[in-house]
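# Breakdown of the fold
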Amino acid sequence: MLYRPFGKTGKNISVISFGGMRFSTPKNLEKSADTLLHAQQQGINYFDTAPIYCGDRSEDIFGHAFRQLPRESFYVSTKCSQATGENLRKSLERSLQRLGVEQIDFLYIWHLMNPEDWENRQQQGAIEAALQAKEEGLIGHLLCSSHMEGEGLSKVLDEEIFEGVLLGYNAINFPYRRAAVEQAGKQGIGVVTMNPLGGGLIPQNPEHFAFLKTATANDVVSAALQFNLSHPAITTALVGFADIQEIDQAVAAVDSFIPYNKEQQRELQKNIEVSFNGFCTGCGYCLPCPVDIPIPKYLDSYNQLILTNGNRQAVLDRYRMHWNITPQQAKECIACGACEERCTQHLPIIQRLAELP
Ligand code: SF4
Ligand code: SF4
């Protein structure tokens, strides 16, 4: 296993980290905890969970596994989405108790949606309460997670409150997030990438992602992980593991890891542009829209419609869970055509917005 320094925290983190949101049998505490223990034996030392994962079972599973491990053999992160200081504190204390640790190594201010949400969390006391808990030693390091686009998130990071950031970054959405990854790199803070496998879309659609393969990564899972880890600012790729086989596959993928050089990265970028012909790359050049439709978010959701062969529920889930957008706003398009003139992929944006659920 390879390890990288987590920003300026003084901690070295495995480049593959364990996400506790996809246990295949979350009701079976023993079996699920064994999955985590297996990962630890393979050299993974960073374990990420959250209160509501797996029907609210994930933190208990983690706690069950952690009680069988020496404390110095793992780092744990969990999350708080509460806006008020009081509620954040309650959530944190519950997590500590369920995880069976005296300190959460990394606590995330969870799921910052937009600049207004960020302001609200500050005004309502969540950030102050988290910093206070850090002073008390209940938290090792404070981080944030976000689905904001790169520039908005960069402004949050500029405030230098957080020692690391968790964001989605993969071969599908990287143009949308690149600015934040680069900003984090400049600040020298830790970067954890979620959804390195596109929420399962990459392994489920190997033909679409075959262009990612290289001499050292001849399957799309290995290739997607190597794509992620080739970015020098990225500390670790967080993978939601369902079982032991998935862990072994991911660990094997980084065993043969050689970062892409600049030339290979340029080549890959070109391949992505060609192979994603017909897909929204999230570049944002279509904006602004006169009626303020966040076009890249809807067009990303349309990508899911293509990749899931028309599964409209998957799109609705993407709106709600990933982007916090509603079906209604897409219908407000006045068909002015400005976005289509600017779209780098020449996509029929107006038609796609109309087809979305
Ligand atoms: S065509 Fe629709 S989505 Fe595009 S800029 Fe005009 S109003 Fe916005
Ligand atoms: S719709 Fe076109 S311009 Fe807008 S983000 Fe997607 S690819 Fe880029």
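Not measured: the values here are computed from a predicted model. (Residues numbered from 1 in each chain as written. Chains lettered and ligands numbered in written order. Predicted model: local features only at pLDDT ≥ 70, side-chain atom pairs only at ≥ 80, totals over all residues. Heavy atoms only, no water.)

## With respect to the packing of aromatic side chains
- Tallied over the full model, the rule gives 16 aromatic pairs.
- Judged by centre distance (6.0 Å) and plane angle (85 degrees), the ring pair of tyrosine 53 and tryptophan 110 falls under edge-to-face. With a gap of 57 residues between them, tyrosine 53 in helix 2 (residues 53-56) and tryptophan 110 in strand 6 (residues 104-112) connect regions that are remote in the sequence. Across the pair, exposure class does not vary: tyrosine 53 and tryptophan 110 are buried alike.
- A ring pair is formed by tryptophan 118 and phenylalanine 162, whose centres lie 5.5 Å apart and whose planes are at 55 degrees; its orientation type is tilted. (Phe/Tyr/Trp six-rings, centres within 6.5 Å; stacked < 30°, edge-to-face > 60°. Helix = DSSP H or I, 4+ residues; strand = E, 2+ residues; numbered from the N terminus. Buried < 20%, exposed > 50% of the residue type's maximum accessible area, 1.4 Å probe, protein only.)

## Details of the site of ligand 1
- Taken together, Cys289, Pro290, Val291, Ile295, Cys333, Ile334, Ala335, Cys336, Gly337, Cys339, Ile350 and Leu353 make up all the residues around ligand 1.
- Here the residues of the shell around ligand 1 sort into 11 nonpolar, 1 polar and no charged. (Near = heavy atom within 4 Å. Nonpolar A, V, L, I, M, F, W, Y, C, P; charged D, E, K, R; others polar.)

## Points about helix 5 (residues 115-123)
- Those residues of helix 5 lying buried are Asp117, Trp118 and Arg121. Buried residues of helix 5 fall within an arc of 100 degrees about the axis and therefore sit on the same side. Of the exposed residues in helix 5, the ones pointing more than 90 degrees away from its buried face are Glu116 and Gln123.
- Against strand 5 (75-80), strand 6, helix 6 (126-135) and helix 7 (150-158) lie the buried residues of helix 5.
- Just beyond helix 5, the residue with positive phi is glycine 125, at close to 100 degrees. (Arc of directions from axis to C-beta. Contact = heavy atoms within 4.5 Å.)

## So, the sheet that holds strand 6
- Strand order in the closed barrel formed by 8 strands is 3-4-5-6-7-8-9-10, with parallel pairing between adjacent strands. Along the sheet, successive strands turn relative to each other by an average axial angle of 30 degrees, direction set aside.
- Bridge count between strand 6 and strand 7 (residues 139-146): 6 bridges; the pairing is parallel. Pairing of leucine 107 across the sheet is with leucine 142, part of strand 7.
- The sheet strands contacting helix 6 are strand 6 and strand 7, and the helix crosses strand 7 at an angle near 150 degrees. (Pairing = 2+ DSSP bridges. Axes fitted to C-alpha atoms, helices over the stretch in contact; angles between N-to-C directions.)

## Details of the side chain of asparagine 45
- Tracing the chain through its elements places asparagine 45 in the loop between helix 1 (29-41) and strand 4 (46-48).
- Given the relative accessible area of 11%, asparagine 45 is considered buried.
- Here serine 14 takes part through its backbone nitrogen, which lies 2.8 Å from a polar atom of the side chain of asparagine 45.
- Apart from residues lying up to four places away in sequence, asparagine 45 is in contact with Tyr3, Asn12, Ile13, Ser14, Ser73, Phe74 and Tyr75. (Polar contact = N/O pair within 3.5 Å; in protein donor to acceptor, adjacent residues only side chain to side chain.)

## Here we look at the environment of glutamine 245
- Considering the arrangement of structural elements, one finds glutamine 245 in helix 11 (residues 244-255).
- A C-alpha to C-alpha distance of 32 Å links glutamine 245 and alanine 180, two positions 65 residues apart in sequence.

Just geometry here; none of it tells us what the structure is for.
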